Amino acid sequence: MWQILYSEYKDLVEMLSSSITRVQIEDHDDVRPNVCTHCRLVREPGIHLPSYAQRYTDIPRLIRLKFISQVCPKLRVAALELAIDHVKTTYNVKLYEELYNTLSLEVGRSVQANQAEDKKLDEEQTTKGEIEEAAGCSHTRKRLAHSPDSSNISLTYDAYWVEDNTMEATLLLQELDAELNFKKSNSGSTYVRRILEEIGDYHVKSGNLQMAVKFYARARPYCTSSDNVINMFRNLIRVSIYMANWWHVLTYIDEAKQYAFGYENLSQEVPNRLNCAAGLANMGLKIYKTAAHCFLLTPFGRYDYDKIVAPEDLAYYAGLCALATLELDMLQLGVINAEPFKPFFDLAPKMWSILAKFYEGNFDYCLMLLHEIENYVRLDVYLAPHVDTLYSMISVRIKERRSLKNTKI
């Protein structure tokens, strides 16, 4: 009887152990946010990719470059190269290997396509002397143009970086863990909070965003000032944006606002500085009217989400959401003539022109400008999933206003 009970107990322990291991593995899984499987491909991007990428830093740059590589065939190789260069400034070895493998496959496909084209050209050569010579020269130039050897693409797997980076990351985490244990026993709250934030930063650079959220949240009991608490919420909001976890973004924003209302110096400043994040979350949840209001309340002078969303990006977000949802009077007073938001539109003048032409009733010109910016907005990782819906809503509004205009005539 005792042996049967012991056997059952052993089986239960093994089951629980495997369950805990599975949870730990799931927690450590690298998060792959913002993969848009239903976004349309962009055939003619019309952007200078290095300049575009320079607007953003750290994880936002990687997220955007990876997205562009997925939706734009013309920029796929260039985006992957830039992403590989940038991922080497982090500890995210897993993402490096993923990007490297994707680039290898893409270059391999390009080489196969070029070889097939060269073979077709060979078959088309004539046997006449001068024509054959001319065709041979042309063919040689064509072959060289497509030759992998003439490309600047470097497909060397950087095993040294992988090994060195893995070792450095492991030692750094061990050092941070040891320092955290020491500070908890021998130092005040300020030192513990700083170490917890550093461990959160480490996990962000490693691509383990769920663990980053966990350590940023653990800093709350060790915050010694209102600024510490607000910074903790901003860290949680930032990483939740990277994960495209929009409900969590809104939850953290509400908690931050509730906390700020208890302090006179923070009650106005904090909500204003979180409007961009609130707009992103509402847009991500397809609550476009609320998103438009949040974006339009973002102060240009205190805008500090520029490394995630460039100021010109915000103009497109606000403009398209407003054009799709806001009433005509509100569009004029709260958007077109809104002085506080004007600096954003100065960076994206076409968006302001679209709004103005819609208000004036110049719908043909409005539609032409919307078509001109379409490829650009489809390259934006946060806006692209909503372009079809927003454009459809705008198209319906234009038809309604045209119909009303014709009825009056």
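Residues numbered from 1 in each chain as written. Predicted model: local features only at pLDDT ≥ 70, side-chain atom pairs only at ≥ 80, totals over all residues. Heavy atoms only, no water.

A. Structural context of the packing of helix 16 (residues 328-336) against helix 18 (residues 349-360). It is the contact of helix 16 with helix 18, at a shortest axis distance of 11 Å, that shows an interaxial angle of 150 degrees. Considering only the axes of helix 16 and helix 18, their crossing is left-handed. Contact with helix 16, carried on its side by Leu328, Leu331, Gln332, Val335 and Ile336, involves Trp352, Leu355, Ala356, Phe358 and Tyr359 of helix 18 and no other residues of that element. For the contact of helix 16 with helix 18, the class distribution of residues is nine nonpolar, one polar and no charged. (Axes fitted to C-alpha atoms, helices over the stretch in contact; angles between N-to-C directions. Helix = DSSP H or I, 4+ residues; strand = E, 2+ residues; numbered from the N terminus. Left-handed = near helix turned anticlockwise from the far one by under 90°. Contact = heavy atoms within 4.5 Å. Nonpolar A, V, L, I, M, F, W, Y, C, P; charged D, E, K, R; others polar.)

B. Representation of the environment of Arg218 in the model. You can see Arg218 is positioned in helix 9 (residues 209-218). Among residues more than four places away in sequence, those in contact with Arg218 are Leu180, Lys184 and Leu196.

C. Representation of the environment of Gly200 within the structure. Assignment of secondary structure puts Gly200 in helix 8 (residues 189-206). Judged by relative accessible area, which is 0%, Gly200 ranks as buried. The sequence separation of Gly200 and Asn235 amounts to 35 residues, and the corresponding C-alpha distance is 8.8 Å. (Buried < 20%, exposed > 50% of the residue type's maximum accessible area, 1.4 Å probe, protein only.)

D. Just the packing of aromatic side chains, in detail. Taken as a whole, this structure holds 16 aromatic pairs when the rule is applied. For the ring pair Tyr96 and Tyr100, a centre distance of 6.4 Å and an interplane angle of 25 degrees mean the geometry is stacked. Separated by four residues within a single helix, Tyr96 and Tyr100 lie in helix 5 (residues 93-123), roughly one turn from each other. This pair shows no difference in class: Tyr96 is buried, exactly as Tyr100 is. When the ring of Tyr96 is compared with that of Trp161, the centres are 5.0 Å apart and the planes differ by 55 degrees; the resulting orientation is tilted. Of the two residues, Tyr96 sits in helix 5 while Trp161 sits in helix 7 (residues 159-186), which places them 65 residues apart along the sequence. One aromatic cluster is present, built from ring pairs that chain together Phe300, Tyr303, Phe341, Phe344 and Phe345. The lysine or arginine in question, Arg64, covers the ring of Tyr56, its NZ or CZ lying 4.2 Å from the ring centre. (Phe/Tyr/Trp six-rings, centres within 6.5 Å; stacked < 30°, edge-to-face > 60°. Lys NZ or Arg CZ within 6 Å of the ring centre and 35° of its normal.)

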